[in-house]
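Structure at a glance
These are the residues of each chain, in order.
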Amino acid sequence: MARLNGWIARIAGTGGVLWNENKGPWGSGSGSDDKGGADGGNGGGPRNPWAFPPEGKRGGKSNVSSLDDFLKRARKGGGGGSGGGGGRGGLPTGMPSRRIVLVAAGLLVLAWIAFTSVHVITPEQRGVVKLFGRYAYTMEPGIGMTMPAPIATVTKVNVQKITNEDFPQGNGENLMLTQDQNIVDLAYAVRWDIANPEDFVFQIAEPTTTVRATAESAMRAAVAGVTLNEAIGPGRTVIEARVQQAMQAILDEYNSGVRVRGVSIKNASAPAAVDEAFKQVTAAQQESEGARNQARAYAQQVTALAQGQAAQFDKIYEQYKLAPEVTRRRLYYETMEAVLAKSNKTVVETRGVTPYLPLPAARGNPAQPQVQQGQQAQPAQQAQQQGGAQ
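Residues numbered from 1 in each chain as written. Predicted model: local features only at pLDDT ≥ 70, side-chain atom pairs only at ≥ 80, totals over all residues. Heavy atoms only, no water.

Quick notes on the overall build of the protein chain
Scanning the protein chain from N- to C-terminus turns up 11 helices and nine strands. Counting only residues that meet the buried cut, the protein chain has 22% of its 390 residues in that class. Of all intrachain contacts in the protein chain linking residues separated by at least 6 positions in sequence, the fraction that spans at least 24 positions is 61%. When the accessible surface of the protein chain is split by element, carbon and sulfur atoms take 55% of a total near 27,200 Å². (Helix = DSSP H or I, 4+ residues; strand = E, 2+ residues; numbered from the N terminus. Buried < 20%, exposed > 50% of the residue type's maximum accessible area, 1.4 Å probe, protein only. Contact = heavy atoms within 4.5 Å. Areas by Shrake-Rupley, 256 points an atom, 1.4 Å probe, with all protein chains shown as cover.)

A look at the nonpolar core
With 32 residues, the main nonpolar core has Leu-186, Tyr-188, Val-190, Met-219, Ile-239, Val-243 and Met-247 as its most contacted residues. Elements that contribute at least two residues to this core include exactly strand 8 (183-194), helix 5 (207-223), helix 6 (228-232), helix 7 (236-253) and strand 9 (258-269). Apart from residues lying up to four places away in sequence, Val-243 is in contact with Ala-218, Met-219, Ala-222 and Val-263. (Core = buried A, V, L, I, M, F, W, Y, C linked by side-chain atoms within 4.5 Å.)

A closer look at the environment of Lys-279
Residue placement: Lys-279 occurs in helix 8 (residues 275-322). Between the alpha carbons of Lys-279 and Ile-232 there is a distance of 9.8 Å; along the sequence they are 47 residues apart.

Remarks on the packing of helix 8 against helix 9 (residues 324-340)
Two quantities define a packed helix pair, namely the angle between the helix axes and the distance between the axes. Contact geometry for helix 8 and helix 9: axes closest at 6 Å, N-to-C directions at 135°. Considering the angle they form, helix 8 stands oblique to helix 9. Here helix 8 contributes Ile-316, Gln-319, Tyr-320, Lys-321 and Leu-322 to the contact with helix 9, which in turn contributes Pro-324, Thr-327, Arg-328 and Leu-331. Within the contact of helix 8 with helix 9, the residues separate by chemical class into five nonpolar, two polar and two charged. (Axes fitted to C-alpha atoms, helices over the stretch in contact; angles between N-to-C directions. Parallel < 35°, antiparallel > 145°, perpendicular 65-115°, else oblique. Nonpolar A, V, L, I, M, F, W, Y, C, P; charged D, E, K, R; others polar.)

With respect to the side chain of Glu-240
For Glu-240, the position within the fold is in helix 7. In this structure Glu-240 is buried but unpaired, with Arg-236 as the nearest side chain of opposite charge at 6.9 Å. Once residues within four sequence positions are removed from consideration, Glu-240 is found in contact with Val-263, Ser-264 and Ile-265. (Lys, Arg positive; Asp, Glu negative; His and termini not counted. Salt bridge = Lys/Arg side-chain N within 4 Å of Asp/Glu carboxyl O.)

Topic: the packing of aromatic side chains
In the structure shown here, the tally under the stated rule is four aromatic pairs. Taking the centre distance of 4.8 Å and the plane angle of 10° together, the rings of Phe-167 and Tyr-188 count as stacked. With Phe-167 in strand 6 (residues 163-167) and Tyr-188 in strand 8, this pair connects stretches of sequence that are 21 residues apart. Side by side, Phe-167 and Tyr-188 carry an identical accessibility label, which is buried. Residues Trp-192 and Phe-200 carry aromatic rings whose centres are separated by 6.4 Å and whose planes lie at 35° to one another, so their mutual orientation is tilted. Across the pair, exposure class does not vary: Trp-192 and Phe-200 are buried alike. Taking the ring centre of Phe-167 as reference, the NZ or CZ of Arg-212 above it sits at 4.2 Å. (Phe/Tyr/Trp six-rings, centres within 6.5 Å; stacked < 30°, edge-to-face > 60°. Lys NZ or Arg CZ within 6 Å of the ring centre and 35° of its normal.)

Focus on the pattern of salt bridges
Two side chains carrying opposite charge are able to pair once their charged atoms lie near each other. Within this structure, the stated rule accounts for 10 salt bridges. Note that Glu-325 is salt-bridged to Arg-328, the shortest N-O span being 2.7 Å. Of this pair, Glu-325 and Arg-328 are both found in helix 9, three residues apart, which corresponds to roughly one turn of the helix. Bridged by salt links that share partners, the residues Asp-193, Arg-259 and Arg-261 form one connected network.

Structural notes on the sheet that holds strand 3 (residues 134-139)
Ordered in space as 3-2-5, the three strands form an open sheet in which the pairing is antiparallel. On the outer flanks of this sheet lie strand 3 and strand 5 (152-158), each paired with one strand and no other. If you compare each strand with its neighbour and ignore which way they point, the axes differ by 25° on average. Looking at chain direction, strand 2 (residues 125-131) and strand 5 are connected through seven bridges and run antiparallel. Paired with Leu-131 across the two strands is Ala-152, which belongs to strand 5. (Pairing = 2+ DSSP bridges.)

Here we look at the environment of Ala-149
Assignment of secondary structure puts Ala-149 in the loop between strand 4 (142-145) and strand 5. Taking the C-alpha atoms as reference, Ala-149 lies 9.2 Å from Phe-132; in sequence the two are 17 residues apart. Setting aside its immediate chain neighbours within four residues, Ala-149 contacts Trp-112 and Thr-116.

A word on the side chain of Gln-125
By the element assignment, Gln-125 lies in strand 2. The contacts of Gln-125, once residues within four sequence positions are left out, are Val-120, Pro-141, Lys-156, Val-157 and Asn-158.

Structural notes on the confidence of the model for the protein chain
On average, the protein chain scores 76 in pLDDT, and the residues at 70 or more come to 65%. Taken as a whole, residues 14-43 scores under 50 in pLDDT and shows 38 contacts with residues more than four places along the chain or in a different chain. Below pLDDT 50 for its whole length, residues 59-64 participates in four contacts with residues either more than four positions away or in separate chains. (pLDDT = per-residue confidence, 0-100.)

What about the environment of Ala-213?
Structurally, Ala-213 can be placed in helix 5. By relative accessible area, which is 49% here, Ala-213 ends up partly exposed. Taking the C-alpha atoms as reference points, Ala-213 and Met-247, 34 residues apart in sequence, are found 9.8 Å from one another.

Right under this line is the structure:
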């Protein structure tokens, strides 16, 4: 309520100063005494505030307050030295006191210190602490405290993130020159992560640009050392290993803190003008490689069979040295059994009897019966007996 009364008194005092009993802000607008008015002394307009007062009133007390009096009163609070519009310490009524301002400023400073001094580092992150712009130490995962900013700052680095860089970006061509002066269109990818956070933050300004430039340089150097057939054929693995080693050596020389995880060639082909011919060459190379693999498999199979037969012969020879006669007879029987099992046989044992030999059966005709051991030709004997009786 006291603050409201002060504002009312201030407004009232200001109104009195400006208008002075419903007159204009520059004094009375009537009478011929206002010489030097805005209308040339006709008394129709306000008097010039910078002109001297009219004669007869220069030494007396004027009812019109000058601009200086208004400014003085405004500085004092607008209502005079003892009016209700004044405030503490020269501040207008209604403004916060100096103590409140100091408390608010202190709270802001404390909030800023707490916000910039406490840092939460997640398990996949590391915090690089800089003290006055220089490296101080590296914060491990957890909650850590530092000096407030700008004295100390913390840069959080994700050390578990694996970044994949594709070459080329988009669907364009990436042409490179081979050792045999041919051109190959090569598309590949590079995977890398952060091994040393402090070097990564302080040693290189643009990590992605540096890694891409290093990969491009290492790949072109590796392709320049192989032929076109090796680049589009079986030499890809060698090229990938060379590029990874070269990239890691260059980045370690830069102290970049970057670790190359791997290099993979996604596509290696000849330029579009000769791509069809090189596809045919590649197909022929694959067929040749398949034929060589089959020949190697057959050679291994034959070699294994020969080794098995040699081992079996060694065992038989050991038995032959112990019992030569028995072993020899056994080998003869086994051999004859193996031979006769695959041929037609005719066995004749009876003396003085001419057996009936079916010639088609002797030639191997399965339709005719064969003469087995102990079997006699009964139809031939009956024919001979009938001929003797007659």
